[in-house]
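Descriptive structure summary
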Amino acid sequence: MIQKYTVVPKVPDRLRPLLEIARNLWWVWNRNAVALFRRIDVDLWEESHHNPIQLLGSLRHGRLLELGEDEAFLAHMDSVAADLKSHLEAQTWYHKAHGEASDAKIAYFSAEFGLHESLPMYSGGLGVLAGDHIKSSEELGLPLVGVSLSYHQGYNRQYLSSDGWQLEHYPDNDFSNMPMTMMRHDDGAELRVEVQIGRRNVSARVWKVQVGRVSTFFLDSNVPDNAPEDREVTQRLYGGDLEMRVRQEILLGIGGYRALRLLGYSPTVCHMNEGHSAFLALERIRLLMEESSLTFSEAREAVAAGTVFTTHTPVPAGNDRFPPDLILEYFRDYIPLLQLSVDEFLSLGREDPSDTSEHFCMTVLALRLSSG
């Protein structure tokens with residue numbers, strides 16, 4: 001029998017603040033915090049791609065004992081820990097402008113977040129933009145959470161062969177040795193969200209990345225309970241064919257919104273960064289119809305008022321389009337829940353609602369179900 005073990009860093013009690021600092025990406029833009037990790041072992045810091053969790057897990061025990069007796073290092077660590085605590089407790093622009101009166105809650109959905117190189121689950125511009133939104137919101141104190149997928153092989157890394165050919169590889173991400181925390185119930189069991197994708201229910205665990213005051217949640221379908229093809233939904237960013245893409249976008253949009261509800265969040269505003277997460281608007285409409293006994297049109301109007309859509313990729317490759325048959329394969333059981341006919345549903349994703357041959361476009365869907 002093969003038994004799987006997860007190895008995580010363990011540090012002496014006196015050094016526990018190191019883990020608290022490492023698990024909050026506030027340190028990314030704090031030079032004193034970065035200097036603290038470099039001070040531990042500059043070579044390991046570089047080898048770990050500036051991943052403090054991996055750094056601490058790679059240290060020899062003797063080095064940890066040395067750090068625990070190094071008064072200068074301990075003073076440095078305590079100073080950084082105090083700065084983090086002060087930052088988290090400080091009044092922000094949002095609090096000063098709106099105080100406790102505002103009950104706004106914002107959910108920012110994106111297929112990728114470029115938060116830091118220690119979390120290599122992004123490809124480029126879209127992810128970096130989304131990551132900057134998270135960091136800016138954190139500094140302003142906006143009541144925001146992020147939602148995405150956690151890709152076990154992220155995006156490809158390119159390198160040159162000895163012959164000068166450009167090649168690529170997909171290194172595996174070990175989430176337990178990255179600045180991420182698995183969400184659990186009070187009894188310690190993994191928090192799981194379930195989504196029907198095609199004819200099967202797919203289960204996904206939820207990981208949290210803390211960025212200052214802002215939490216960002218990542219769904220992971222690579223769990224033993226799922227069929228092998230369902231475990232691959234969160235294998236690679238932008239990997240696979242059209243079918244894999246629609247499966248990923250169902251998990252991101254519908255699964256992501258359900259995960260927020262399980263975690264106790266009820267967003268007043270959902271921001272869709274590109275069309276990848278547009279299915280979340282359908283899920284919000286479905287829930288509003290179910291909970292408030294509204295028609296589709298009534299729920300659609302209410303949801304659109306609290307849904308924002310932004311896109312920055314006007315080229316065709318950046319705007320997903322799916323054949324109608326493929327959409328029906330995955331939404332045949334979902335459409336009746338919206339009290340729509342098949343044609344009414346498909347027309348939500350057509351530029352010309354009357355053109356039954358037109359492919360279903362996620363950008364069009366996002367535009368139709370948002371306020372702009």
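Placed above this text is the structure.
Notes on the structure follow. Within every chain, residues take consecutive numbers counted from 1 along the sequence as written. At least 70 in pLDDT is required for a residue's local features to be given in this predicted model, at least 80 for side-chain atom pairs to be given and counted, and no such filter applies to totals for whole chains, interfaces and linings, which use all residues. Note: side-chain values were computed over all heavy atoms of the structure, leaving out hydrogens and water.

Where nonpolar side chains cluster on the molecular surface, the patch consists of Tyr159, Trp165 and Leu167 and spans about 340 Å² of accessible area. With respect to the secondary-structure elements, tyrosine 159 resides in strand β3 (residues 157-160). In this scheme, patches are assembled from residues that exceed 30% relative accessible area and form no salt bridge. Like charges are connected within 9 Å, while nonpolar side chains (Val, Leu, Ile, Met, Phe, Trp, Tyr) are connected within 5 Å. Areas reported here follow the Shrake-Rupley algorithm with a probe of radius 1.4 Å; residue values treat only the protein chains shown as occluding. In the sections that follow, a salt bridge refers to a side-chain nitrogen of Lys or Arg positioned within 4 Å of a carboxyl oxygen of Asp or Glu. For helices the rule is a DSSP run of H or I covering at least 4 residues; for strands it is a run of E covering at least 2, with both sets numbered from the N terminus onward.

Fitted lines through C-alpha atoms serve as axes, helices being fitted only where they are in contact, and the angles separating the N-to-C directions of these axes extend from 0 to 180 degrees. Viewed as axis vectors pointing N to C, helix α2 (residues 31-40) and helix α6 (residues 71-89) meet at an angle of 150°, and their least axial separation amounts to 10 Å. With respect to α6, the axis of α2 lies roughly antiparallel. In terms of crossing hand, the pair formed by α2 and α6 is left-handed. The residues of α6 that touch α2, namely those facing Asn32, Ala33, Ala35, Leu36, Arg39 and Ile40, are Ala72, Phe73, His76, Met77, Ser79, Val80 and Asp83. Of the residues contributing to the contact of α2 with α6, the split by class is 8 nonpolar, 3 polar and 2 charged. Reported orientations rely on four angle classes, namely roughly parallel under 35 degrees, roughly antiparallel over 145, roughly perpendicular from 65 to 115, and oblique for the rest. With the far helix as reference, a near helix turned anticlockwise by less than a right angle produces a left-handed crossing, and one turned clockwise produces a right-handed crossing. Whether two residues are in contact is decided by their heavy atoms, any of which lying within 4.5 Å being enough. Each residue is assigned to one of three groups, with Ala, Val, Leu, Ile, Met, Phe, Trp, Tyr, Cys and Pro labelled nonpolar, Asp, Glu, Lys and Arg labelled charged, and all others, Gly among them, labelled polar.

Turning our attention to a negative patch on the surface. On the surface, Asp241, Glu243, Asp325 and Glu329 cluster together to form a negatively charged patch. Position of glutamate 243 among the secondary structure elements: in helix α10 (residues 242-262). Only four residue types enter the tally: Lys and Arg on the positive side, Asp and Glu on the negative side, with His and both chain ends excluded. To locate a charge, the coordinates of NZ of Lys, CZ of Arg, CG of Asp or CD of Glu are taken.

Between buried and exposed lies partly exposed: a residue is buried under 20% and exposed over 50% of the maximum accessible area for its type, with that area taken using a 1.4 Å probe on protein chains only. Side chains of strand β6 (residues 192-197) alternate between two faces, with Val193, Val195 and Ile197 buried and Arg192, Glu194 and Gln196 left unburied. Only strands joined by at least two bridges in the DSSP assignment are considered to pair. Pairing between β6 and strand β7 (residues 200-211): 6 bridges, direction antiparallel. Considered in β7, the bridge of valine 195 is made with valine 202. Between the antiparallel neighbours β6 and β7 lie 2 residues, among them glycine 198 with a positive phi of about 75°.

Turning our eyes to something else, we now look at the packing of aromatic side chains. Aromatic rings from Phe, Tyr and Trp, with only the six-membered ring used for Trp, were paired whenever their centres fell within 6.5 Å, and each pair was classed as stacked if the ring planes differed by under 30 degrees, edge-to-face if by over 60, and tilted otherwise. What the rule picks out here adds up to 12 aromatic pairs. On the basis of an interplanar angle of 65° and a centroid distance of 5.5 Å, the ring pair of phenylalanine 175 and tryptophan 207 is categorised as edge-to-face. Here phenylalanine 175 is found in the loop between β4 (166-169) and β5 (181-182), whereas its partner tryptophan 207 is found in strand β7, with 32 residues between them in sequence. Taking the relative accessible area as the measure of exposure, phenylalanine 175 reaches 3% and is therefore buried. Tryptophan 207 sits in the buried class, given a relative accessible area of 7%. Each residue in the set Phe279, Phe331, Tyr334, Phe345 and Phe360 is aromatic and connected to the rest through ring pairs, giving one cluster.

We now examine helix α12 (residues 296-305). For α12, the full list of buried residues reads Phe296, Ala299, Val303 and Ala304. Buried residues of α12, seen end-on, are gathered within an arc of 130° and therefore sit on one face of the element. Among the exposed residues of α12, those oriented more than 90 degrees off its buried face are Ser297, Glu301 and Ala305. Looking at the packing, one finds that the buried side of α12 touches α11 (279-292) and β10 (307-310). The directions considered for the arc run from the helix axis to the C-beta atoms.

Where β3 meets β4, 4 bridges bridge the pair, whose relative direction is antiparallel. What sits directly across from leucine 160, in β4, is glutamine 166. Where β3 folds back onto β4 in an antiparallel hairpin, the turn is made up of 5 residues, including glycine 164, whose phi is positive at roughly 90°.

Looking now at the pattern of salt bridges. Considering all chains together, one arrives at 21 salt bridges under this definition. Glutamate 283 is the partner of arginine 258 in a salt bridge, and the nearest nitrogen-oxygen pair spans 2.8 Å. Taken together, the residues arginine 258 in helix α10 and glutamate 283 in helix α11 connect sequence positions 25 residues apart. Two residues, arginine 286 and glutamate 290, come together in a salt bridge whose shortest N-O distance is 3.2 Å. Remark: glutamate 290 and arginine 286 occur in helix α11; sequence separation between them is 4 residues, near one turn of the helix.

Turning to the side chain of asparagine 51, a few remarks are in order. Along the chain, the position of asparagine 51 falls in the loop between α3 (42-47) and α4 (52-58). A polar contact is formed between the side chain of asparagine 51 and the backbone nitrogen of isoleucine 53, at a distance of 3.0 Å. When near neighbours in sequence (up to four residues on either side) are disregarded, asparagine 51 contacts Trp45, Ser118, Asn177, Met178 and Pro179. Any pair of nitrogen or oxygen atoms within 3.5 Å is treated as a polar contact; in protein, a donor-acceptor pairing is required on top of that, and neighbouring residues in sequence qualify only through side-chain atoms on both sides.

This next bit is on the environment of tryptophan 45. Mapped onto the fold, tryptophan 45 is located in helix α3. Classification of tryptophan 45 by relative accessible area gives buried; the value is 2%. Between the alpha carbons of tryptophan 45 and alanine 82 there is a distance of 23 Å; along the sequence they are 37 residues apart.

Packing of α10 against α11 leaves a shortest axis separation of 8 Å and a crossing angle of 45°. One finds that α10 runs oblique with respect to α11. Pair α10 / α11 crosses with right-handed handedness. Between α10 and α11, the contacting residues are Val246, Glu249, Ile250, Gly253, Ile254, Tyr257, Arg258 and Arg261 on the first element and Phe279, Leu280, Glu283, Arg284, Arg286, Leu287 and Glu291 on the second. Among the residues forming the contact of α10 with α11, the class breakdown is 7 nonpolar, 1 polar and 7 charged.

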